[in-house]
Structures are given as structure tokens and as C-alpha cells.
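Commentary on secondary and tertiary structure
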Amino acid sequence: MAFGMTRNVVRPTDSARADRVTYVELFFDLVFVVALTQLSSYLYENQTLLGAFEGLIMVCALWWGWVSTTWVTNWLDPVKLPVRGAVIALAFVALVVSVSIAEAFGDRAWAFAIAYVVLQVGRTGFIVWATARHDRQVARDFTFVLFWTVAGAVLWIAGALLPLAWQLPFWSAALALELLGTVLGFPVPGRGKVLLRSWDLSGPHIAERTALFVLIALGEGLLITGFTFVEKESSPSSIAAMVTAFVAAAAAWWIYFDHGERVGAEAIEASDEPARLARTAYTWVHLPIIAGIVLMSVGDKEMLARPDQRGLAPTIVILGAPILFLAGTVLFRRVLERRWSRAQLIGLVALAVLGGAALAVPFLDALTASITAAVVLVGVAAGETIERVRRGRRAGG
């Protein structure tokens, strides 16, 4: 019997469904609200160098799991029942990953590792099976990806089974192996490697899916702010903190969606190598954007819980978050438009100078630092809008 799914579940290229984001994909994304909330809580409770590195491993793993699934649903049609069933099954596995985050470097390491491996290997194996009879090039490419994913899976499982001192090195190596495979094209000795220039994909689909994930990340921050605020007695500082958190989130939304989000789909559609551009702009460059938004929620909780606190950890969290976010968005615009956003560069430099000064002399408490960062983000958003209007570009969002 020939290997592969009999039914053709590849996305149609000659209909409106080619670019459409389906509701089952959004259902999959909802699981990551839990993941991001758990990650924010973990980072808040572990504001140390080790906690930061562990948080980096988890945010990279979560992003890699989500964005890889997005690429798969760019080829496969979630309207078809087999694909819809697979996406729902993957959503459950992602839920297991999400609820394991708080103890991922503790008692639930095995649950996190097994669920993550099932998510990665299961999804990749599914697209190989689904396309084997209908698009042999895609099936071949993802077979190469599967080899690398299985190799990384061995390291994830081994790290979970070994003592805690070995867990972080093994998981770091597993993640590095997956990322290295992407850079090298997942080469397999004697078989070749993946050639991105041969991939045809939907720019609008990837751009919209990623934009919706950015919205989910911003919403998670507002969720954290709301829950933290209702647990406290109302006071001038808590009210100021809540307003500041909302203003910063709105400014971040404006910076991302007023212009850059729309440009992404247009740039991919016009590119001679759409897959390579999409990989750079959405797989790589969006990682600091998402990490910055997650860290903003940690800073918001810090500002609400301890508005008068000064020190190294709160300064790095509160000012480092918008620095990460702007670093990602300025690179995103550079990749897509081949130009630097002046407003974002100015904001990035301002925050970096302020952060350096605050680390040298801790003169900013958590609330003041948050207000300052929010003002800078509002200034960047305003500068971006003025620049866009002068260039005669229409608004997105």
C-alpha cells in the first residue's frame, strides 16, 4: 500500500481559502493565552539570571511550537476534517505544554518535554503523511525537517529524565538544534536539504496569523494587569499603574499595527523568495517582539505589586521589555521595507540610555520607570504615524 493520506487536504491556491485564517486555527491560538500567562508568572517569580535563561528557553520553545504549526496550516487546509482534527489534537497537546510551564524545571519537566516532543514530531509527521501523495516536494522537505525534529526530541526527553543540573544544557542543545536546522535548511547526508526558494506560500495568511498572535500576547498582558489590580485596594499608585499599563499596551499595538502589519503581506506577495522573507520576518524577527510583550506583562505586575521598588531586576524587566519589543519591530520594518524606522530607532536609543543610567544609579522606582517607558512608546507611535502620513501610506490595523 502506498504511503500517504488518500484525500487531498492541501490548501487550494485558486480560491479565497488560500489566504483565509480559519476559526480552528484561532482555537489553537487560544491555548497560548494559558501558555503566555504561565510564562509571565514564572518570570515574575524567578527574577534571577537563571530564571531569565530558563524563561528564554521556554519562550523560544513556545514560539517555535506555535510558528511551526502556522507554517504547516499554510500548506494544509484546516477546513478539511482530517486537518481540523489534527489542529484540535495539537491544541490539546499545547495545553499540556502550557500547564507544565510553572514546573517545567521541576516536577513537571517530563510532562513539558513529552508534550512538546509530541507537538513537534506529531505535527511534522502529519504533514509528511498528508502531502506524500499530493505534493511530493513538500513531503520530501518535511521529511528532512522530521529527521532534525526527532534528533531534537531525544535531547528534550533526555533532559527531562536526567538530574536538574543537566536539564538546562540538554534543553538548550535541543532548541539550538531545531533552530540550527532552520538556518542550514535541515540537511540530511546523501539526500540534500530544504530549498526555501522552492516553497510557495500565502503571505496574507502568515501575516494575519502572526498579527493575531501579537494581539493574544497584548491581551495576556492586559489580563495580568486586570487580575493584579482587582486583588489590590484602589490607591493613586495602583490606578496610575493600571492606566500606564493600558497606555503602554495601546502604544505597542499602534506601533505594530498602524503600518508594519499591513506591509508584511504585501512584501511577501511581491518577493521573489517569499518563504525566505517570511522565515526572516515572521519566524526570527518576531521572537523579540513576542518576548518583549511577555516581559511587559511581567513589568506591569511588578509596577502594580511594588510600585516603589528600585533595583537591578525591576529596572531590567520594566525598561528591557520595550527595548526588546522595539528592537524586534525596527528589524521587522527593516526586513520588509529595507529602511530603518527613525521614530523606532530614536525610541530604542532613548530607552537604552535611560536604562543604562538607571542601572548605574537606581533613581527610578518601578512606577516611574513604567510611566517613562510608556511615554517613550507613545512618542514612537506618534512619530511613526507622522512619518507614515508624510509618505502618503495608508493606515493598517
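A brief look at the structure comes next. (Residues numbered from 1 in each chain as written. Predicted model: local features only at pLDDT ≥ 70, side-chain atom pairs only at ≥ 80, totals over all residues. Heavy atoms only, no water.)

Right, let's talk about the packing of helix α2 (residues 49-75) against helix α4 (residues 109-131) for a bit. Between two packed helices, the angle of one axis relative to the other and the distance separating the axes together describe the packing. At their nearest, the axes of α2 and α4 sit 10 Å apart, and the two run at 20 degrees to each other. Judged by the angle between their axes, α2 and α4 are roughly parallel. Of the two elements, α2 crosses α4, and the hand of that crossing is left-handed. Where α2 abuts α4, its residues M58, A61, W64, G65, S68, T69, V72 and W75 lie against F112, Y116, L119, Q120, R123 and I127. The residue inventory of the contact of α2 with α4, partitioned by class, reads nine nonpolar, four polar and one charged. (Axes fitted to C-alpha atoms, helices over the stretch in contact; angles between N-to-C directions. Helix = DSSP H or I, 4+ residues; strand = E, 2+ residues; numbered from the N terminus. Parallel < 35°, antiparallel > 145°, perpendicular 65-115°, else oblique. Left-handed = near helix turned anticlockwise from the far one by under 90°. Contact = heavy atoms within 4.5 Å. Nonpolar A, V, L, I, M, F, W, Y, C, P; charged D, E, K, R; others polar.)

This brings us to the environment of L36. Within the secondary structure, L36 sits in helix α1 (residues 23-45). Taking the C-alpha atoms as reference, L36 lies 12 Å from G292; in sequence the two are 256 residues apart. Apart from residues lying up to four places away in sequence, L36 is in contact with F213, I216, A217, E220 and V294.

A few words on a nonpolar patch on the surface. Taken together, the side chains of L222, I239, M242, V243, F246, V247 and V378 make up a nonpolar region of the molecular surface, amounting to roughly 550 Å² of accessible area. Among the elements that take part in the nonpolar patch, helix α8 (residues 236-270) stands out by supplying five residues, more than any other. As for its placement among the helices and strands, V247 is situated in helix α8. (Patch = residues over 30% accessible without salt bridge, like charges linked within 9 Å, V, L, I, M, F, W, Y side chains within 5 Å. Areas by Shrake-Rupley, 256 points an atom, 1.4 Å probe, with all protein chains shown as cover. Salt bridge = Lys/Arg side-chain N within 4 Å of Asp/Glu carboxyl O.)

Glancing now at the environment of L155. Secondary-structure assignment places L155 in helix α5 (residues 136-161). A relative accessible area of 22% means that L155 is categorised as partly exposed. Expressed as a C-alpha distance, the spacing of L155 and A174, which sit 19 residues apart in the sequence, is 5.3 Å. For L155, the contacting residues outside a window of four places in its chain are F170, W171, A173, A174 and L177. (Buried < 20%, exposed > 50% of the residue type's maximum accessible area, 1.4 Å probe, protein only.)

Bringing the pattern of salt bridges into the picture now. Throughout the structure, instances matching the rule amount to 11 salt bridges. Among the salt bridges present, the one from D29 reaches R209, with a minimum N-O distance of 2.5 Å. You can see D29 sitting in helix α1 and its partner R209 sitting in helix α7 (residues 203-230), a full 180 residues away along the chain. Of the two residues examined, D29 and R209, each falls in the buried class.

A few words on unusual backbone geometry. Not every positive phi belongs to a glycine, and F186 is a case in point at roughly 50 degrees. On the secondary structure map, F186 appears in the loop between α6 (164-184) and α7. With a phi close to 55 degrees, R338 is a non-glycine residue in the positive phi region. One can find R338 in the loop between α11 (312-337) and α12 (342-360). Residue R338 is classed as exposed on the basis of its relative accessible area of 73%.

Our focus in this paragraph is the nonpolar core. One finds W71, F112, F142, W156 and W171 to be the most contacted residues of the largest nonpolar core, which totals 119 residues. Broken down by element, the residue count for this core peaks at 13 residues, all from α2. Membership of the second largest hydrophobic core comes to six residues, among which are F229, M303, L304 and L367. (Core = buried A, V, L, I, M, F, W, Y, C linked by side-chain atoms within 4.5 Å.)

For T131, the location among the structural elements is in helix α4. Judged by its relative accessible area of 1%, T131 is buried. In contact with T131, not counting residues within four places along its chain, are V10, L76, R136, V138 and A139.

The next subject is the packing of aromatic side chains. A full pass over the atoms with the stated rule returns 22 aromatic pairs. Between the aromatic rings of F112 and Y116, the centroid separation amounts to 6.4 Å while the plane-to-plane angle is 5 degrees, which identifies the pairing as stacked. Of the two residues, F112 and Y116 are both situated in helix α4; the distance of four residues between them amounts to about one turn of the helix. We classify F112 as buried; its relative accessible area is 1%. Their ring planes at 5 degrees and their centres at 5.9 Å tell us that Y256 and F332 sit as a pair that is stacked. Of this pair, Y256 sits in helix α8 while F332 sits in helix α11, and the two are 76 residues apart along the sequence. The pair Y256 / F332 is uniform in exposure class, with both members buried. Put simply, the rings of W253, W254, Y256, F257, Y282 and F332 pair up and form one aromatic cluster. (Phe/Tyr/Trp six-rings, centres within 6.5 Å; stacked < 30°, edge-to-face > 60°.)

To continue, consider the environment of G190. Along the chain, the position of G190 falls in the loop between α6 and α7. Residues G190 and Q120, spaced 70 residues apart in sequence, show a C-alpha to C-alpha distance of 24 Å.

Time to look at the packing of α2 against α6. It is the contact of α2 with α6, at a shortest axis distance of 11 Å, that shows an interaxial angle of 40 degrees. Considering their axes alone, α2 and α6 lie oblique with respect to each other. Between α2 and α6 lies a crossing of left-handed hand. Contact residues: α2 offers L50, F53, E54, I57, C60, A61 and W64, while α6 offers L168, W171, S172, L175, E178, L179 and T182.

We now examine the side chain of R11. Along the chain, R11 falls in the segment before α1. Only 3.0 Å separates the side chain of R11 from the side chain of H205, close enough to count as a polar contact. (Polar contact = N/O pair within 3.5 Å; in protein donor to acceptor, adjacent residues only side chain to side chain.)

Honestly, that's just the spatial picture; any functional story needs more than this.
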